[in-house]
Amino acid sequence: MYGLIWRVLPGPWPSKLIMALGLLFGVLALLWFFAFPEISPHMPFNDGAVEVEGAGTGGSGAGEAAEG
């Protein structure tokens, strides 16, 4: 596939390189600004698998539990 793109681009290899890099950065920008924000709510990256008792509640910590 990359060979096909390289053959289709016009001009000598320096201009092909510049155009290929432009295509690459264009695809990456489309993914970064449109595709990834659309799919991020459906990805499990922010689902915590480990629950810590008393974390974020302002309740008793390890020091207070040892005293009581």
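Here, the structure is the one placed above.
Residues numbered from 1 in each chain as written. Predicted model: local features only at pLDDT ≥ 70, side-chain atom pairs only at ≥ 80, totals over all residues. Heavy atoms only, no water.

1. Here's the deal with the overall build of the chain
Secondary structure assignment for the chain yields 3 helices and 0 strands. For the chain, with 68 residues in total, the buried portion stands at 3%. As displayed, the chain has an accessible area near 6300 Å², and 69% of this comes from carbon and sulfur atoms. (Helix = DSSP H or I, 4+ residues; strand = E, 2+ residues; numbered from the N terminus. Buried < 20%, exposed > 50% of the residue type's maximum accessible area, 1.4 Å probe, protein only. Areas by Shrake-Rupley, 256 points an atom, 1.4 Å probe, with all protein chains shown as cover.)

2. A word on the layout of surface pockets
Estimates place the volume of the largest pocket at around 170 Å³. Together, Y2, I5, W6, A20, L23, L24 and V27 line the largest pocket. Of all the secondary-structure elements, those providing two or more residues to the lining of the largest pocket are α1 (2-8) and α2 (13-39). The biggest single contributor to the lining of the largest pocket is α2, with 4 residues. (1 Å grid on protein atoms, 1.4 Å probe; cavity = no way out; pocket = protein on both sides within 12 Å on 5 of 7 lines; lining within 4 Å. Points joined across faces, edges and corners; volume = space filled by probe spheres on them.)

3. Examining α2
Over its 27 residues, α2 extends 36 Å from the first C-alpha to the last, a length consistent with the 39 Å expected when each residue adds 1.5 Å. The sharpest bend along α2 measures roughly 40° and falls at L31. (Expected span 1.5 Å × (residues − 1). Bend = angle between axes of the 7 residues up to and from the residue.)

4. Some thoughts on the side chain of K16
Tracing the backbone through its elements, the reader meets K16 in helix α2. No salt bridge forms around the buried K16; measuring N to O, its nearest opposite-charge neighbour E38 is 36 Å away. A polar contact is formed between the side chain of K16 and the backbone oxygen of W6, at a distance of 3.2 Å. For K16, the residues in contact, after removing those within four places along its chain, are W6, R7, L9, P10 and G11. (Lys, Arg positive; Asp, Glu negative; His and termini not counted. Salt bridge = Lys/Arg side-chain N within 4 Å of Asp/Glu carboxyl O. Polar contact = N/O pair within 3.5 Å; in protein donor to acceptor, adjacent residues only side chain to side chain. Contact = heavy atoms within 4.5 Å.)

5. Brief notes about the environment of W6
Relative to the helices and strands, W6 is located in helix α1. Since its relative accessible area comes to 33%, W6 is described here as partly exposed. Residues W6 and M19, 13 residues apart in the sequence, show an inter-C-alpha distance of 9.4 Å. Beyond its immediate sequence surroundings of up to four residues, W6 is in contact with W13, K16, L17 and A20.

Shape descriptors only; they carry no functional weight alone.
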